[in-house]
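Here is what each chain is made of, one letter per residue.
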Amino acid sequence: MSQRPIYLDAQATTPMDERVLEAMLPYFTERFGNPSSNTHVYGWEAGAAVKNAREAIAKIINATPEEIVFTSGATEANNLAIKGVAEAYFNQGKHIITVTTEHRAVLDPCAYLENLGFELTYLPVQSDGLLDLHQLESAIREDTILVSVMAANNEIGVLQPIAEIGSICHNRGVLFHTDAAQAIAKIPLDVVAMNIDLMSLTAHKIYGPKGIGALYVRRRHPRVKLASQIQGGGQERGRRSGTLYTPQIVGFAEALEIGIAEMESESTRLLQLKKQLWSMLETLDGIHLNGNFTQSLPGNLNVSVEGVDGSALLLGLQSVVALSSGSACSSASTAPSHVLTALGRDEKLAHASLRFGIGRFNTSEEIEIVGQQAIATINSLRQTNQLKTTS
Ligand SMILES: *Cc1c(COP(=O)(O)O)cnc(C)c1O
């Protein structure tokens, strides 16, 4: 039997931690009740599990349990935050600010609102992917209602200065939303200290189950108004109807608690692996790091390679390592990554890019294998190209 390739795509999704699965299992079978049923023990035990999970998640980000709205993931949380605020505040203004390198789950709801008559400002980033805070300051207008800036980028791992952005927004009386799908349990996030008003989370990027996430919605200083996007049974204080998915919620909280408990030691370990990989790749000519090596997720390394074709590169690597070029969501399309072009990379280099997503279960031995294979593949593709051009 041939071995499966080494998984190095932690920004697309992560394998579920066995400890998380253990915590979830009873809630699929014997503790199957509807957490909203309050007339019998089946409902009570499911309700208690959801309550405990909600409290645990809230505590980790320094929120209160009432400020957590469970959703199907970060895509839904982003949609609820952006459209929900737009709909609730349009009387006060129709201007929203975001950034060109955001995930499609932010950019597409923004484009949808633009079609409805909202005005959007898409801030550019510097060549290392970081936002220029002076540009943010000067983009805020009288009629600005919301600023949405992601905490960690899913392609290049860059960490935006969230606390600084939060304080700028609060000084100007503008709501601040952050998509923290990639950042939670990787960097400390405190919604009070960082002046965050809305924050999107998801479990499957932190070794939890797919199909569950949350939106943090501030209730004090200021109390954020939000128009619900899914109506029905009135769950989540009317902000998101639908029967709560108990096992996934339990798994989400468990994944988050493990991630936070191990955050410091795991960050150090991942950074070592990233340095190991980069020190191998760096020996090649014509290889460029995308993003900012230090102001970045410890497990993310994104590079562009000169003199090779992007799809040939992925093809040459796929039996050894599972990774992606740009983001998983856009790799079905042939357009180059909007994040890499926003950094100023030309189309060809943007195409010839690799995103290494190192995660909890990767080892130094695996990184060695991947580094060697990447170097061999790049060298051989360059040689073939050379032969083609000289013959
Ligand atoms: C993965 C991801 C999303 C989408 O999250 P889902 O839970 O899969 O809907 C949104 N934003 C960022 C930054 C992501 O990395």
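As a convention, each chain's residues are numbered from 1 in the sequence order in which they are written. Local features are withheld for residues below a pLDDT of 70 in this predicted model, meaning they are given only at 70 or higher, and side-chain atom pairs are given and counted only at 80 or more; totals for whole chains, interfaces and linings count all residues. Where side-chain values are given, they derive from all heavy atoms of the structure, hydrogens and water being excluded.

Asker: Would you explain the overall build of the chain in this entry?
Answerer: What counts as a helix is a DSSP run of H or I of at least four residues, what counts as a strand is a run of E of at least two, and both are numbered from the N terminus. The helix and strand tally for the chain stands at twelve helices and twelve strands. Computation of the radius of gyration draws on C-alpha atoms alone. For the globule rule, the value is 2.2 Å times the number of residues to the power 0.38. Its C-alpha radius of gyration of 22 Å places the chain within 12% of the 21 Å reference for a compact globule of 391 residues. Oriented by its inertia axes, the alpha-carbon framework of the chain measures out at about 75 × 55 × 35 Å. Looking at the chain residue by residue over its 391 residues, the buried ones come to 55%. Contacts are assigned to residue pairs with any non-hydrogen atoms lying within 4.5 Å of each other. Excluding contacts between residues fewer than 6 apart, the proportion of contacts in the chain whose partners are at least 24 apart in sequence is 74%. Methods summary: accessible areas were calculated by the Shrake-Rupley approach with a probe of 1.4 Å, and residue burial reflects only the protein chains presented. Surface summary for the chain: the accessible area is close to 17100 Å², and the carbon and sulfur share equals 52%. In the chain, 31 side chains carry a positive charge and 40 a negative one; their mean positions are 4 Å apart. Burial classes follow relative accessibility: with a 1.4 Å probe on protein chains only, a residue under 20% of its type's maximum area counts as buried, one over 50% as exposed, and anything between as partly exposed. Note on charges: Lys and Arg go in the positive column, Asp and Glu in the negative column, and His and the chain ends are not counted at all. Lys charges are placed at NZ, Arg charges at CZ, Asp charges at CG and Glu charges at CD.

Asker: What exactly am I supposed to notice about helix α8 (residues 263-281) here?
Answerer: Helical periodicity: at 3.6 residues per turn, an α-helix aligns residues three or four positions apart in one direction. Expected span of a helix: the number of residues minus one, times 1.5 Å. Between its first and last C-alpha, α8 extends 26 Å over 19 residues, near the 27 Å set by a 1.5 Å rise per residue. Among all positions in α8, only Met 263, Glu 266, Leu 270, Leu 273, Lys 274, Gln 276, Leu 277, Trp 278, Met 280 and Leu 281 are buried. Looking at the buried residues of α8, the elements they touch are α7 (246-261), β9 (287-289), β10 (300-305), β12 (353-357) and α12 (364-390).

Asker: Quick question: what am I supposed to make of a nonpolar patch on the surface here?
Answerer: Excluding any residue in a salt bridge, patches collect residues exceeding 30% relative accessible area, merging like charges within 9 Å and nonpolar Val, Leu, Ile, Met, Phe, Trp and Tyr side chains within 5 Å. For salt bridges, the criterion is a side-chain nitrogen of Lys or Arg within 4 Å of an Asp or Glu carboxyl oxygen. Residues Met 16, Leu 21, Leu 25, Phe 28 and Tyr 245 make up a contiguous nonpolar surface patch of about 420 Å² in total accessible area. You can see Phe 28 is positioned in the loop between α1 (18-24) and α2 (41-60).

Asker: Looking at this structure, how should I read the site of the ligand?
Answerer: Distances are taken per atom, and a residue is near a molecule or strand as soon as one of its heavy atoms is within 4 Å of it. Close contacts around the ligand come from Gly 73, Ala 74, Thr 75, His 103, Met 150, Asn 154, Asp 179, Ala 181, Gln 182, Thr 202, His 204 and Lys 205, and that covers them all. Two N or O atoms count as a polar contact when they lie within 3.5 Å, although within protein this holds only if one can serve as hydrogen donor and the other as acceptor, and sequence-adjacent residues are included solely when both atoms are side-chain atoms. Between a nitrogen atom of the ligand and a side-chain N or O atom of Asp 179, the distance comes to 2.6 Å. Here the ligand loses 87% of its free accessible area of 380 Å² to cover by the protein chains. All amino acids are sorted into three groups, where Ala, Val, Leu, Ile, Met, Phe, Trp, Tyr, Cys and Pro are nonpolar, Asp, Glu, Lys and Arg are charged, and the leftover types, Gly among them, are polar. Considered class by class, the residues forming the shell around the ligand number three nonpolar, seven polar and two charged.

Asker: So what exactly am I meant to see when it comes to the pairing of strand β5 (residues 144-148) here?
Answerer: With respect to burial, β5 is a largely interior element, five of its five residues being buried. With three bridges joining them, strand β3 (residues 95-99) and β5 adopt parallel strand pairing. By the bridge assignment, Ile 96 is partnered in β5 with Leu 146. One bridge is not enough; two strands pair if DSSP finds at least two bridges between them. Judged from the three bridges that link them, β5 and strand β6 (residues 175-179) form a sheet pairing that is parallel. Counterpart to Val 147 in the pairing with β6 is Phe 176. With its strands directed away from the observer, a crossover is right-handed exactly when the path from the first strand over the helix to the second travels clockwise. Tracing the backbone out of β5, into helix α6 (residues 162-171) and back to the parallel element β6 gives a crossover that is right-handed.

Asker: Mind showing me how you'd approach the sheet that holds β12 here?
Answerer: Neighbouring strands of a sheet are bound in pairs by backbone hydrogen bonds; such pairs are parallel or else antiparallel. Read across the sheet, three strands follow the order β9-β10-β12 without closing on themselves; strand pairing throughout is antiparallel. Each of the sheet's edge strands pairs with one partner strand only, and the pair in question is β9 and β12. Direction aside, neighbouring strands of the sheet carry axes that sit 25° apart on average. Here β10 runs beside β12; their pairing, made up of five bridges, is antiparallel. Paired with Ser 304 across the bridge in β12 is Ser 353. Axes here refer to lines fitted to C-alpha atoms; in helices the fit is confined to the stretch in contact. Angles between the N-to-C directions go from 0 to 180 degrees.

Asker: Explain the sheet that holds β5 to me, please; I cannot follow it from the model alone.
Answerer: Strand order in the open sheet made by the seven strands is β2-β8-β7-β6-β5-β3-β4, with mixed pairing throughout. At either margin of the open sheet sits one strand with a lone partner, and together these are β2 (68-71) and β4 (119-123). Strand-to-strand twist across the sheet, computed as the mean angle between neighbouring axes with direction ignored, equals 20°. The sheet contact formed by strand β7 (residues 198-202) and strand β8 (residues 213-217) spans five bridges and is antiparallel. Bridged to Met 199 within β8 is Tyr 216. Helix-sheet contacts for α6 involve β5 and β6, and the interaxial angle to β6 is about 160°.

Asker: Is there a simple way to think about the nonpolar core in this case?
Answerer: Looking at soluble globular proteins, one finds that nonpolar side chains tend to be buried together. Among the nonpolar cores identified, the biggest contains 60 residues, and Phe 70, Val 147, Ile 165, Met 199 and Phe 252 are the most heavily contacted of them. Broken down by element, the residue count for this core peaks at six residues, all from α7. In terms of domain composition, this core takes at least three residues from each of domain 1 (6-14 + 263-384) and domain 2 (18-261). Among buried residues, those of type Ala, Val, Leu, Ile, Met, Phe, Trp, Tyr and Cys that are joined through side-chain atoms within 4.5 Å constitute a nonpolar core. Core analysis: the next-biggest nonpolar cluster, separate from the first, contains 28 residues, Leu 277, Leu 281, Leu 317 and Val 321 among them. These domain limits were set by an automatic method or by a database of domain assignments.

Asker: Help me out: how do you make sense of the domain arrangement of the chain in this one?
Answerer: Interfaces are often sized by the amount of accessible area the parts lose when they come together. The domain architecture assigned to the chain consists of domain 1 (6-14 + 263-384) and domain 2 (18-261). Taking the mean C-alpha position of each, domain 1 and domain 2 sit 28 Å from one another. Contact residues are listed per partner, giving 27 residues for domain 1 and 36 residues for domain 2. For the pair domain 1 and domain 2, the interface holds 17 residue pairs in polar contact (both at pLDDT 80 or more). Breaking the side of domain 1 that touches domain 2 down by element, the ones donating at least two residues are α8, β10 and α10 (338-342). Per-element accounting of the side of domain 1 that touches domain 2 gives the leading share, four residues, to α10.

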